[in-house]
Amino acid sequence: MKLIMKYVRPHFAGIVIGLIIKFAATILELFLPFLLEKIIDDVVPTGNIRMVIILGVMMVVCSLFAFIFNVTANRMAATTSGKATRKIRYDLFSKITYLSSKKCDEFTESSLISRLTSDTYNVNQFMNRIQRMGVRAPILLIGGIILTMMMDVTLSLVLAAMLPLVCIVVIVVTKVGVPIYTTVQEKLDILVKTVQENITGIRVIKALSKTEYEKKRFNSVNEQLASTERKASDVMAISNPMTTLILNIGLVAVVVVGAYRVNAGQTEPGTIIAFLSYFTIMLNAMLGITRIFVMSTKGMASAQRIEEVLEAENDMKVLPKAGLLADTNSKYHIEFRDVSFSYNGREDNISGLSFGLMKGQTLGIIGSTGSGKSTIINLLMRFYDVTGGNIRISGEDIRTIPEARLHTMFGAAFQSDFLFADTVRENIAFGREISDEDIIKASKSAQSFDFISELDEGYDHMLTIKGSNLSGGQKQRLLISRALAGNPDILILDDSSSALDYKTDAQLRKALSENYGEITSVIIAQRVSSVKNADLILVLDDGAVIGKGTHDELMEDCAAYRRIADLQMGAHREEVQA
């Protein structure tokens, strides 16, 4: 509720006005049975047709204004809840974009998606319904009791005796329902994850003829979600029938007691008819209250999940420079000092890593899958914090550099990067104020200029989602163009030339050296040819450096590197000769 109140508070005035209008509509509805009772018991026996018509017109006017007021209040409720939900979604999205990689791993990608979509929808529905029914239902219930008390205390007490039983049902059902709906959302997270994996890997699934296998896997996850939803629905399904049963028992008691009182001359037939009308109103009010509790159960469970993200602690804080003084005498642009890191906090994925790169130099990283190549990039860009040692850029510990300044130092093309449905120009500029000259320079260096020029509209050519109307090599060259366009201090190429042929890869390396020689580069590659000319090459195996030096040094001193080079360079020579 704390979350909801925070976002509702700016719209408090509009909500109050809407509630006042809803209150007026509810009062008008309450007077209809009262006027009916007056017509039957007080006016009809006198034969005063004129008064019957006047009271009848009053009933029509009350009905008309109640309709207008209800529609107006409902629209205002939809507007205020919509505005509050839009703000919640925006803040939640903003928070997610600034979450550390560690926090994203903890929440999981699928869970963050469902919190941003289905959970915010549940909160929206709760805020909407509470404004539409939160005033109307209690007023109809309380007002009905007051007006029936004014007409006949005995019959009113019969109905009032049923209300504590209804309250017990609502409280018990709500207490049981909240944890179940939390579980429902967790199962939905798993479903979203499964769908994500299948859509992303649809080509692999088809290529390996695993469609039936994935259908069974999805069916299993879907069944778990459906089973949990059924359990939640079964619990919530008790409230309405049980409430109706209790109030119907009360109605039977009213009719029986009323019949005796009419026979005894203690009450009038019109009062009984009015009581039946008020009973219908009160029954609907109670059903409305139970629906509010059902919706609030979902809403509170979802609000808790949203709050978990919004209130997640920032574990990547900028540390004070006083405790981590800059090394003003450092000759290195990038320096790793005895760096260790663990994803799970139990065993190191990187241990004792030390090296230094001067301005404009290039670091090449090569190694088997899972050896820790991308982890070095994640640490350098501070997606994760080191568990031991420190990383420095121009002598400054990266933990003391504000995120906005740190990340503008980098231009990166990652292994699994993305292109979005927009023009080639916008995909390269990526929301940055980059001149056409810089875009063209970057695309020429990345070897993407030629194929871009051949597209129908050149740089204004529209790409489809994920750049599916480009080849793998074209995508990689476009991503490298994006990395270069901002003229970064440090260039990160994380296996981003794997789809390029040897000739294009060589032209890329040459252009980088000629046009961006002042940039310090970190290149992760599977090919020795991609890192051969690097000033420093790291050979990794299971998080440990098993070789470090230039290409010539490693060919002499590192058997693993020499074996990879002999295999690849031999294959390359055969390819060239063919």
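Quick caveat: nothing in here was measured; it's all calculated off a predicted structure. (Residues numbered from 1 in each chain as written. Predicted model: local features only at pLDDT ≥ 70, side-chain atom pairs only at ≥ 80, totals over all residues. Heavy atoms only, no water.)

Time to look at the sheet that holds strand 10 (residues 544–549). The six strands are arranged 6-7-8-3-9-10 in an open sheet whose pairing can be described as mixed. The open sheet has two free edges, formed respectively by strand 6 (410–413) and strand 10, since each of these has just one partner strand. Between one strand axis and the next, the sheet turns through 15° on average, direction left out of account. As judged from the five bridges shared by strand 7 (residues 490–494) and strand 8 (residues 520–524), these two strands associate in the parallel manner. Bridge pairing links I490 to T520 in strand 8. Along the sheet face, helix 13 (residues 373–380) touches strand 3 (362–367), strand 6, strand 7, strand 8 and strand 9 (536–541) and points at about 145° away from the line of strand 8. (Pairing = 2+ DSSP bridges. Helix = DSSP H or I, 4+ residues; strand = E, 2+ residues; numbered from the N terminus. Axes fitted to C-alpha atoms, helices over the stretch in contact; angles between N-to-C directions. Contact = heavy atoms within 4.5 Å.)

Per the counting criterion, the structure on display carries three cavities of 30 Å³ or more. As a volume, the largest cavity reaches approximately 70 Å³. Listing elements by their share of the lining of the largest cavity, those giving two or more residues are helix 19 (502–515) and strand 8. Counting residues per element, the lining of the largest cavity draws most heavily on helix 19, which supplies four residues. Of the residues belonging to the lining of the largest cavity, the class tally is six nonpolar, three polar and three charged. (1 Å grid on protein atoms, 1.4 Å probe; cavity = no way out; pocket = protein on both sides within 12 Å on 5 of 7 lines; lining within 4 Å. Points joined across faces, edges and corners; volume = space filled by probe spheres on them. Nonpolar A, V, L, I, M, F, W, Y, C, P; charged D, E, K, R; others polar.)

What follows deals with helix 19. Here helix 19 is 14 residues long and its end C-alpha atoms lie 20 Å apart, about the 20 Å a rise of 1.5 Å per residue gives. Tucked inside the fold, the buried residues of helix 19 contact helix 16 (436–445), helix 18 (472–485), strand 7 and helix 20 (528–531). (Expected span 1.5 Å × (residues − 1).)

Further remarks concern the confidence of the model for the chain. Summary statistics for the chain give a mean pLDDT of 83 and a share of 96% for residues scoring 70 or more. Of the regions scoring below 50 in pLDDT, residues 571–578 engages in two contacts with residues more than four places distant in sequence or in other chains. (pLDDT = per-residue confidence, 0-100.)

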